[in-house]
Each structure stands twice: as C-alpha cells, then as structure tokens.
Amino acid sequence: MADNESGVGGFGWFLAGLGLGALVGVLYAPKSGKETREDIVARSLEARDKAGELYAQGRQQASQYVQQGKETANQYVEQGKEIASTYVDKGKEYYDKGRTQWTQYVDKGRELVQNQAEAVTAAVDAGKEAYTAKTNEVSTS
C-alpha cells in the first residue's frame, strides 16, 4: 500500500489508538465510576483539542503548498511569456529579412527581364536593318 504523507491516515490511526487507550484505561482503572467518567471526559477533551491542532496544522500546511504552487505556476507563466516573446521577435526578424531578400530578387528579375527585352529589341532591329540592307543590295544589283 502506498505511503500517505498527507497526515490524514496518521490522524485516523491516532484517533483509533486514542480510543483504544481510553477503553483499556477504563477497563483496568482502579478508580470509582465517577473518577473514571471524569478521566474519560478529560481525555476526550484532550483528544478533541489535539485533533483541532492537527486540523489547523494541516490547513496551514495546505495553504502554504497552495501558495507555493501559485508562485511556481506564475514563474513558469512568466518564463513562457519571455520565451514566446523571444520567438516572436525572431520570427519578425526572419520575416523582415525574407521580405527584403524577396524584394531584391524581384528587382533583379525585373532588371534581367528589361535587359533581355532590350537585347531582343536590338537583335530584331539589327535583323530588320540587315534584311533591308540585303534586299536593297539585291534590288540594286
């Protein structure tokens, strides 16, 4: 069976032992009935007081555990926010870098297309001039 560290199981055994002890004390006590009843009442009051103390200690300890849990959770939340913020900043940086590179590639592509268009236009014009010159040469001969 697993150990129960919460104190609840220990408290139950404490009460059981207290009851057995009171019963044995009553059976073997060489006292009168009145004295025995007074002892039982006194021990019952002591047991009630001890149970109240243990209950208060348990509540206090549970409250401390809850507070520690809240503090730890808040620390992890803050760490998570910082890490997420770092990754968001890196993402923005990579986005801006990619956008800049894309713009550069688009500009280079436009320039290349324009140069090729000019080269094709020049080649077509040269072809027209060569054709015109050749046809003029053939018709004058």
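Each residue is numbered by its place in its chain's sequence as written, counting from 1. In keeping with the model being predicted, local features are shown solely for residues with a pLDDT of at least 70 and side-chain atom pairs are shown and tallied solely at 80 or more, while totals for entire chains, interfaces and linings include all residues. Excluded from the side-chain calculations are hydrogens and water; all other atoms, namely the structure's heavy atoms, are used.

**Points about the pattern of salt bridges**
If the charged atoms of two oppositely charged side chains come close together, the side chains can form a pair. Selection rule: Salt bridges, as used here, are contacts in which a Lys or Arg side-chain nitrogen is within 4 Å of a carboxyl oxygen on Asp or Glu. We count a stretch as a helix when DSSP gives it H or I for four or more residues in a row; a strand needs E for two or more, and each element gets its number in order from the N terminus.
For the coordinates displayed, the defined rule picks out three salt bridges. Between Asp-49 and Arg-48 there is a salt bridge; the shortest N-O distance is 3.9 Å. A salt bridge links Glu-78 to Lys-81; its shortest N-O distance comes to 4.0 Å. Of this pair, Glu-78 and Lys-81 both sit in helix α2 (residues 33-140), three residues apart, roughly one helical turn.

**Notes on α2**
Put simply, the test is: Any helix carries an expected span of 1.5 Å times its number of residues minus one. The rule is simple: take the accessible area with a 1.4 Å probe, protein chains only, and divide by the maximum for that residue type; under 20% is buried, over 50% is exposed, in between is partly exposed.
Between its first and last C-alpha, α2 extends 156 Å over 108 residues, near the 160 Å set by a 1.5 Å rise per residue. Of the residues making up α2, those classed as buried are Thr-36, Ala-47 and Ala-51.

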